[in-house]
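Understanding the architecture of this molecule
Chain by chain, the residues:
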Amino acid sequence: MSIIEEELSRFRKDVAEHVPGSEVVCCVRSSVQVRLRRTDFKTLVVQAQFPADYPAGRIVVELKSKTIPTKFLDGLVSACDAETKKLLGQKQLLPVVKFVRAFMDENPLMACSDELSHIRKDLVRPSDEIKVNRKAGTIVMRVVEGNYATQFKLIVPDNYPADPVKMELKTSSLPSEFQVYMAGQSEELARQCVQPPLRPKPRAPPFTPAPSLRRVATFLVMECARVYPMTCCPLCKARCFPDDPARIVEDLEDAQHIERILCNHLYHRKCLDDYMKTPPFKGGKKCKAKGCEQRIFHERWNVSEKLAEDRWAHQEAKRREIDEVVEFLGV
Ligand SMILES: [Zn+2]
Ligand SMILES: [Zn+2]
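What comes next is a walk through the structure.

Calculation criteria
- Residues numbered from 1 in each chain as written.
- Chains lettered and ligands numbered in written order.
- Predicted model: local features only at pLDDT ≥ 70, side-chain atom pairs only at ≥ 80, totals over all residues.
- Heavy atoms only, no water.
- Helix = DSSP H or I, 4+ residues; strand = E, 2+ residues; numbered from the N terminus.
- Rg over C-alpha atoms; globule rule 2.2 N^0.38 Å.
- Buried < 20%, exposed > 50% of the residue type's maximum accessible area, 1.4 Å probe, protein only.
- Contact = heavy atoms within 4.5 Å.
- Areas by Shrake-Rupley, 256 points an atom, 1.4 Å probe, with all protein chains shown as cover.
- Lys, Arg positive; Asp, Glu negative; His and termini not counted.
- Charge placed at Lys NZ, Arg CZ, Asp CG, Glu CD.
- Donors = N, O, S within 2.8 Å, 3.2 Å for Na, K, Ca; no water.
- Tetrahedral: all angles 85-135°; square planar, octahedral: opposite > 155°, others 65-115°.
- Patch = residues over 30% accessible without salt bridge, like charges linked within 9 Å, V, L, I, M, F, W, Y side chains within 5 Å.
- Salt bridge = Lys/Arg side-chain N within 4 Å of Asp/Glu carboxyl O.
- Pairing = 2+ DSSP bridges.
- Axes fitted to C-alpha atoms, helices over the stretch in contact; angles between N-to-C directions.

Brief notes about the overall build of the chain
In terms of helices and strands, the chain carries 8 helices and 10 strands. The C-alpha radius of gyration computed for the chain amounts to 30 Å, which surpasses the reference 20 Å derived for 331 residues by more than 25%, pointing to a less compact arrangement than a globule. Each principal axis of the C-alpha distribution contributes one length, and for the chain these read about 120 × 45 × 25 Å. Taking all 331 residues of the chain together, 40% fall into the buried category. Pairs at least 24 residues apart make up 52% of the contacts formed inside the chain by residues separated by at least 6 positions. Per element, the accessible surface of the chain, about 19000 Å² overall, is 53% carbon and sulfur. Positive and negative side-chain charges in the chain, numbering 53 and 46 respectively, have mean positions lying 4 Å apart.

If you want it as structure tokens, here you go:
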């Protein structure tokens, strides 16, 4: 028996015991293929070829996967090349398959390496911070906008992307009601990526799960942390948040208190209050933010058209009475 044939026969016997989740697809001298499975998504096939001068020359490894991003596979192939160089003159097949499996176990972020490069490219500015912990499968981002900063942690589960990414808000200069919204909405967006809607739209195409990491990170950065501090009130056009986060108005009744409405646009309390109480009321009041026009729903101004009309009429009548008195008195 040649060296290679002897190695292959040992390999067939040993691989299942030494490498969890492995399945030999093909194991002959001209073609060795082993499937490695950690989760549905983290599944790949190791293809190995023996060079003519084996074991003096190194085994050539190729990796195939329907689910793992190509860039990640390319990186793993170069890691394999470096590994096999250390094994020249020895049996290389089992060690290299073990090495690939260990790499899969130690890199929980392999399922989202593409999303992570998009996040670095599209979302992170020089003033921000991003810390990736490859072993733990976590990404901590700190987004800075003016004097405001928001830091959050994204946790990628082992069964990603079938399971959704989790978000922990660490610190933020934004008010607590904004933080509650960001946490709740992140969870909801991640859920929508992996679970079909409770009430699917008629004639909607069948639901296909989608990765949730980039979706949640984009929401937190591009719809919240980066946007809120710079947003202007659509009515008075002045910035909603003060330059200094320490000067944020906490008092709900204060004219400058910031109201976030359902479509995620911001208003000063007084501006929104005046607008909501001024006709026309027909068809509900629409958001005045550029390009929005969604109907405004807010618990504090949740009144029917009829009631809003009555209140307006009452207020106008009172104003006219006062005007008449003022005119009569000549003040
Ligand atoms: Zn305003
Ligand atoms: Zn709006």
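Comments concerning the coordination of the zinc ion (ligand 1)
For the zinc ion (ligand 1), the protein coordination sphere consists of Cys233 (SG), Cys236 (SG), His268 (ND1) and Cys271 (SG), at 2.1 to 2.3 Å. One way to put it: the 4 donor atoms around the zinc ion (ligand 1) meet at angles of 92 to 114°, and that makes the site tetrahedral. In the primary structure, the donors to the zinc ion (ligand 1) are separated according to the pattern C-x2-C-x31-H-x2-C. Taking relative accessible area as the criterion, cysteine 233 reaches 1% and is therefore assigned buried.

Some thoughts on a nonpolar patch on the surface
A surface patch of nonpolar side chains, amounting to about 360 Å² of accessible area, comprises Val325, Phe328 and Leu329. Its place among the elements puts phenylalanine 328 in helix α8 (residues 305–329).

Observations regarding the coordination of the zinc ion (ligand 2)
Think of it this way: four donors in a tetrahedron around the metal ideally sit 109.5 degrees apart, and six in an octahedron ideally sit 90 or 180 degrees apart. Within the protein, the zinc ion (ligand 2) binds to Cys263 (SG), His265 (ND1), Cys287 (SG) and Cys292 (SG); these donor distances fall in the range 2.0 to 2.3 Å. One way to put it: the 4 donor atoms around the zinc ion (ligand 2) meet at angles of 105 to 114°, and that makes the site tetrahedral. Motif for the zinc ion (ligand 2), donor spacing along one chain: C-x1-H-x21-C-x4-C. Its relative accessible area of 25% is what places histidine 265 among the partly exposed residues.

What about the sheet that holds strand β2 (residues 31–37)?
The strand order across the open sheet built from 4 strands is β1-β2-β3-β4, with neighbouring strands paired in antiparallel fashion. With partners counted over all chains shown, the strands left at the sheet margins are β1 (22–28) and β4 (60–64), one partner each. Looking at each pair of strands side by side, their axes are set apart by 15° on average, direction ignored. Summarising the sheet, strand β3 (residues 43–49) and β4 pair through 5 bridges and their orientation is antiparallel. The residue bridging alanine 48 from the neighbouring strand is valine 61, located in β4.

Here's the deal with the pattern of salt bridges
Tallying each qualifying case throughout the model produces 24 salt bridges. In this structure, glutamate 145 and arginine 125 form a salt bridge, with 3.3 Å as the shortest nitrogen-oxygen distance. Of this pair, glutamate 145 sits in strand β6 (residues 138–145) while arginine 125 is found in the loop between α4 (113–122) and β5 (129–133), placing the two residues 20 residues apart along the sequence. Arginine 239 is paired through a salt bridge with aspartate 243; the nearest N and O atoms lie 2.6 Å apart.

So far we have only geometry, and geometry alone does not tell us how the molecule works.
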